Amino acid sequence: MRDRALQAVIFDLDGVIANTVEHYYHAGKRLADEINIPYDRELNQKVQGLNRYKQVEIMLGDKFKDYSEEEIRELGDRRSHYYLEKITTFSSKDVLPGMVDFLIELKEKQIKTALASASSNAFEVVDKLDVRKYLDIIVDIKKINNGKPDPEIFLTAANLLNVKPINCVAIEDGEAGLTGILQTDMFSIGVGEHEAMRKADWRVMSTDEITLNRLLHEWENKPSVKLLTTK
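Residues numbered from 1 in each chain as written. Predicted model: local features only at pLDDT ≥ 70, side-chain atom pairs only at ≥ 80, totals over all residues. Heavy atoms only, no water.

Engineer: Hey, could you run me through helix 9 (residues 212-220) in this one?
Structural biologist: Since the α-helix turns once every 3.6 residues, residues separated by three or four places project in the same direction. Listed as buried for helix 9 are Leu-212, Leu-215, Glu-218 and Trp-219. Down the axis of helix 9, the buried set is contained in an arc of 125°. They therefore lie on one face. Exposed positions of helix 9 whose direction lies more than 90 degrees from the buried face are Asn-213 and Glu-220. Against strand 1 (8-11), helix 5 (99-108), strand 4 (168-172), strand 5 (187-191) and strand 6 (202-204) lie the buried residues of helix 9. (Buried < 20%, exposed > 50% of the residue type's maximum accessible area, 1.4 Å probe, protein only. Helix = DSSP H or I, 4+ residues; strand = E, 2+ residues; numbered from the N terminus. Arc of directions from axis to C-beta. Contact = heavy atoms within 4.5 Å.)

Put into structure tokens, the structure is as follows:
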């Protein structure tokens, strides 16, 4: 196995740093009710991490063919608007448990950090949460050609940090995002009880389980870390 050293941690935003999953669910449920389609928490987890238009495509299922491209974009924008209404009062209290402490630990040890979120609202959210100061890089989703589950956003983060993927950890709570990470050499952390998170190198039920010491322990005891040819 090639030598590797922990040099960077790449974060998803929603469900990893920001306590936004419920807000996304309610925004999606509101839209689904308006257009008379079913929507539950399992589907919410499935679409998490995808761009707003891909989310609508999956939400519609077989009904997708009944909508024009313009209508799909309107629905995606409407869902995003409902979400933005929910987060107008966001503040540092909406950071998920343990994440600020973890970010501070990484800074103290000079381990680089990046945000790799599919949300077009990521910059606004990190400012509201007052965590931008802990992030070296925020990947601009508008400059990404292929959204999750493609690994492009994670590999872009590593490239911007000037760190090889094999020396990166990436944290996700969405199935699409984790699928992207698993296509790279990165060490993956999956957050949550969803079955898909079992595929991660390290699965945690809550963000407050993630500390630098625990991460280093898992990192050093995972000889099965992937060694793929990355882009």
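Next comes the rest of the write-up.
Engineer: Even after reading the chapter, I still don't get the side chain of Asn-167, so can you show me in this structure?
Structural biologist: Along the chain, Asn-167 falls in the loop between helix 7 (152-161) and strand 4. Classification of Asn-167 by relative accessible area gives buried; the value is 9%. Setting aside anything within four residues of it in sequence, one finds Asn-167 in contact with Arg-4, Ala-5, Leu-6, Gln-7, Ala-8 and Trp-219.

Engineer: Looking at this model, I keep getting lost on the confidence of the model for the protein. Mind explaining?
Structural biologist: Reading predicted coordinates in detail is not appropriate for stretches of low pLDDT. The predicted model of the protein has a mean per-residue pLDDT of 91, with 95% of residues at 70 or higher. Low pLDDT, under 50, characterises residues 227-231; the stretch is placed with 15 contacts to residues that sit more than four places away or in other chains. (pLDDT = per-residue confidence, 0-100.)

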